[in-house]
Amino acid sequence: MGDAGPISWFGEALRCPCAHRAALTATPEGMVCTRACEHSPLPLVDGKPVLVDFSASVLDRAAVLASGGASPVRRRGGALRTKLFDLAFGRNRVAEANAKRFLDLLPAGGRVLIIGGGALGAGVDQVYARPDIRTVTFDVYASPLTDLIADGHAIPLADGSVDGVWIQAVLEHVLDPWQVVAEIHRVLAPTGIVYAETPFLQHVHEGAYDFTRFTESGHRWLFRQFEEIASGTVLGPGTVLVWSVRYAAAGLFRSWKAGTIAALIASPLRLLDRVIPARYAIDGASGVFFLGRRSTTALSPRDAVRRYQGAIGRG
Ligand SMILES: C[S@@+](CC[C@H](N)C(=O)[O-])C[C@H]1O[C@@H](n2cnc3c(N)ncnc32)[C@H](O)[C@@H]1O
Ligand SMILES: [Zn+2]
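Residues numbered from 1 in each chain as written. Chains lettered and ligands numbered in written order. Predicted model: local features only at pLDDT ≥ 70, side-chain atom pairs only at ≥ 80, totals over all residues.

**Concerning the overall build of the chain**
Part 1 of the reasoning: The helix and strand inventory of the chain stands at eleven helices and eleven strands.
Part 2 of the reasoning: Scaling as 2.2 N^0.38, a compact globule of 315 residues should have a C-alpha radius of gyration of about 20 Å, and the chain matches this with 20 Å.
Part 3 of the reasoning: Principal-axis analysis of the C-alpha atoms gives the chain an extent of 60 × 45 × 35 Å.
Part 4 of the reasoning: Buried residues in the chain amount to 42% of all 315 residues.
Part 5 of the reasoning: Considering only intrachain contacts with a sequence separation of at least 6, the fraction spanning at least 24 residues in the chain is 69%. (Helix = DSSP H or I, 4+ residues; strand = E, 2+ residues; numbered from the N terminus. Rg over C-alpha atoms; globule rule 2.2 N^0.38 Å. Buried ≥ 20, exposed ≤ 12 C-beta atoms within 10 Å, placed from the backbone. Contact = placed C-beta atoms within 7 Å.)

Here it is in structure tokens:
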């Protein structure tokens, strides 16, 4: 690495997204792959490297450059909208508790990669708030939180270069979650920690960029190359009902505003989550999480079945 760009501790770990993940040299035109591959020079947008293999990404090079790294999905922010969503769907307290566990498992001075961190997810504020933790954040678009534009299918970091990976509400938006998880395994140090949260029974969001859902068992299997520390549900069947009311009302009235109003009216259904036992929640949750440690051995197919903790077939 040279000295162009606002790159800090992770500068040494940056790699070209090409198959051999070659080292990069910084130049005023952008990053140059030391293998002189087809991606070189990799451009900068707003001073931040764009480390994307455009030949295998949903991102389009010309569009990224022309838009200054804008999100391909229209993002409506605003404090009022966030407040209404919090009221309708509730706070994600599971993520808040899991962030504490995640941080406790990291070594002193730990390096954390946050994938799809363009917006601040629940709990991740605790990771940013820890002065002893060094973070590197990427997303497919540039935001004040991101250090790089990159695609999780080809993480532009060296093997074993981070101690923790945080990937929250992202794996449903990638075309190939199995490839992204293989990449997470590659960039983690030998005993590195991953925290993932992914929808199970949540409706389509982010439009065209929404591809996959996971049961708790399927999510565990997705992370089969990791030793399980904890796995479970995020927001239960009551919250799923509120999501269903929102989408049914939006369809009925052909209006997302009507959907949000209906979700606010239906929001007391979320209280069901407080009384539904964990084993029933597993089979009907809005989302699932996995906290695990990188491993060299994989969960066996029979153990993937044996570990099921849901209520079906158990009364
Ligand atoms: C539902 S948002 C979640 C944002 C944030 N992690 C949170 O928890 O609020 C999904 C995020 O995944 C990002 N994303 C989609 N495809 C991606 C990819 N291939 N690589 C990295 N991030 C991606 C989106 O741009 C978006 O920021
Ligand atoms: Zn290259």
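**Some thoughts on the domain arrangement of the chain**
Part 1 of the reasoning: If you check the domain split of the chain, you get domain 1 (9-67) and domain 2 (79-306).
Part 2 of the reasoning: Placing the centre of domain 1 and that of domain 2 at their C-alpha centroids yields a distance of 27 Å.
Part 3 of the reasoning: Each side of the interface is counted separately: domain 1 has 21 residues, and domain 2 has 17 residues.
Part 4 of the reasoning: Of the residues assigned to the side of domain 1 that touches domain 2, the class counts are 15 nonpolar, one polar and five charged. (Domains from an automatic or database assignment. Nonpolar A, V, L, I, M, F, W, Y, C, P; charged D, E, K, R; others polar.)

**Details of the site of ligand 1**
Part 1 of the reasoning: The environment of ligand 1 is made up of 19 residues, and the closest members are Gly116, Gly121, Gly152, Ala169 and His173.
Part 2 of the reasoning: Of the residues belonging to the shell around ligand 1, the class tally is eight nonpolar, eight polar and three charged. (Near = placed C-beta within 6 Å.)

**With respect to the confidence of the model for the chain**
Part 1 of the reasoning: Looking at the chain, pLDDT values average 94 and 98% of them are 70 or higher.
Part 2 of the reasoning: Predicted confidence for residues 1-5 stays below pLDDT 50, and this span has 18 contacts to residues more than four positions away or in other chains. (pLDDT = per-residue confidence, 0-100.)

**Topic: the packing of helix H7 (residues 237-253) against helix H8 (residues 256-266)**
Part 1 of the reasoning: As a packed pair, H7 and H8 sit with axes 7 Å apart at the nearest point and diverge in direction by 145°. Viewed along their axes, H7 and H8 form a crossing whose handedness is right-handed. Seen from H7, the contacting residues are Leu241, Val242, Val245, Arg246, Tyr247, Ala249, Ala250 and Phe253; seen from H8, they are Trp256, Ala258, Gly259, Thr260, Ala262, Ala263 and Ala266. (Axes fitted to C-alpha atoms, helices over the stretch in contact; angles between N-to-C directions. Left-handed = near helix turned anticlockwise from the far one by under 90°.)

**Focus on the nonpolar core**
Part 1 of the reasoning: Leu113, Ile149, Val165, Trp166 and Val194 are the most contacted members of the largest nonpolar core, which totals 78 residues.
Part 2 of the reasoning: Both domains that furnish three or more residues to this core are identified here as domain 1 (9-67) and domain 2 (79-306).
Part 3 of the reasoning: For tryptophan 166, the residues in contact, after removing those within four places along its chain, are Phe102, Val112, Ile114, Val124, Val127 and Tyr195. (Core = buried A, V, L, I, M, F, W, Y, C linked by C-beta atoms within 7 Å.)

**Observations regarding H7**
Part 1 of the reasoning: Taking 1.5 Å per residue as the helical rise, H7 with its 17 residues ought to reach 24 Å, and the 24 Å between its terminal C-alpha atoms agrees with that figure.
Part 2 of the reasoning: Within the sequence span of H7, burial applies to Gly238, Thr239, Val240, Leu241, Val242, Trp243, Arg246 and Ala249.
Part 3 of the reasoning: Next to the buried residues of H7 lie helix H2 (79-89), H8 and helix H9 (272-275).
Part 4 of the reasoning: Arginine 254 sits one or two positions beyond H7 and adopts a positive phi of about 50°. (Expected span 1.5 Å × (residues − 1).)

**Quick notes on the pairing of strand E1 (residues 24-27)**
Part 1 of the reasoning: Of the two faces of E1, the one lined by Leu24 and Ala26 is fully buried and the one lined by Thr25 and Thr27 carries no buried residue.
Part 2 of the reasoning: Alignment of E1 against strand E2 (residues 30-33), held across four bridges, turns out to be antiparallel. Within the sheet, the bridge partner assigned to alanine 26 lies in E2 and is methionine 31.
Part 3 of the reasoning: Here E1 folds back onto E2, and the loop between the two strands holds two residues. (Pairing = 2+ DSSP bridges.)

**Looking at the packing of H2 against H8**
Part 1 of the reasoning: Across the interface, H2 lies against H8 with an axial gap of 7 Å and an inter-helix angle of 45°. One way to sum up the angle between H2 and H8 is to call them oblique. Where H2 crosses over H8, the handedness of that crossing is left-handed. Contact with H2, carried on its side by Leu84, Leu87 and Ala88, involves Thr260, Ala263 and Leu264 of H8 and no other residues of that element. (Parallel < 35°, antiparallel > 145°, perpendicular 65-115°, else oblique.)

**Observations regarding the sheet that holds strand E9 (residues 188-199)**
Part 1 of the reasoning: The strand order across the open sheet built from nine strands is E3-E4-E7-E6-E5-E8-E9-E11-E10, with neighbouring strands paired in mixed fashion. Of all strands in the sheet, those bounded by a partner on one side alone are strand E3 (44-45) and strand E10 (226-234).
Part 2 of the reasoning: Pairing analysis gives five bridges linking strand E5 (residues 111-115) to strand E6 (residues 134-139), with the strands arranged parallel. Bridged to isoleucine 114 within E6 is threonine 137.

**A few points about the environment of glycine 292**
Part 1 of the reasoning: When you line up the elements, glycine 292 lands in strand E11 (residues 287-294).
Part 2 of the reasoning: The class for glycine 292 is buried, based on 22 C-beta atoms found within 10 Å.
Part 3 of the reasoning: With 107 residues separating them in the primary sequence, glycine 292 and histidine 185 have C-alpha atoms 11 Å apart.

**Details of the environment of tyrosine 209**
Part 1 of the reasoning: Within the fold, tyrosine 209 resides in the loop between E9 and helix H6 (216-222).
Part 2 of the reasoning: Tyrosine 209 sits in the partly exposed class, given 16 other C-beta atoms within 10 Å.
Part 3 of the reasoning: It is 7.3 Å that separates the C-alpha atoms of tyrosine 209 and valine 174, two residues lying 35 residues apart in sequence.
Part 4 of the reasoning: Ignoring any residue separated from it by four or fewer positions in sequence, one finds tyrosine 209 in contact with Pro72, Val73 and His173.

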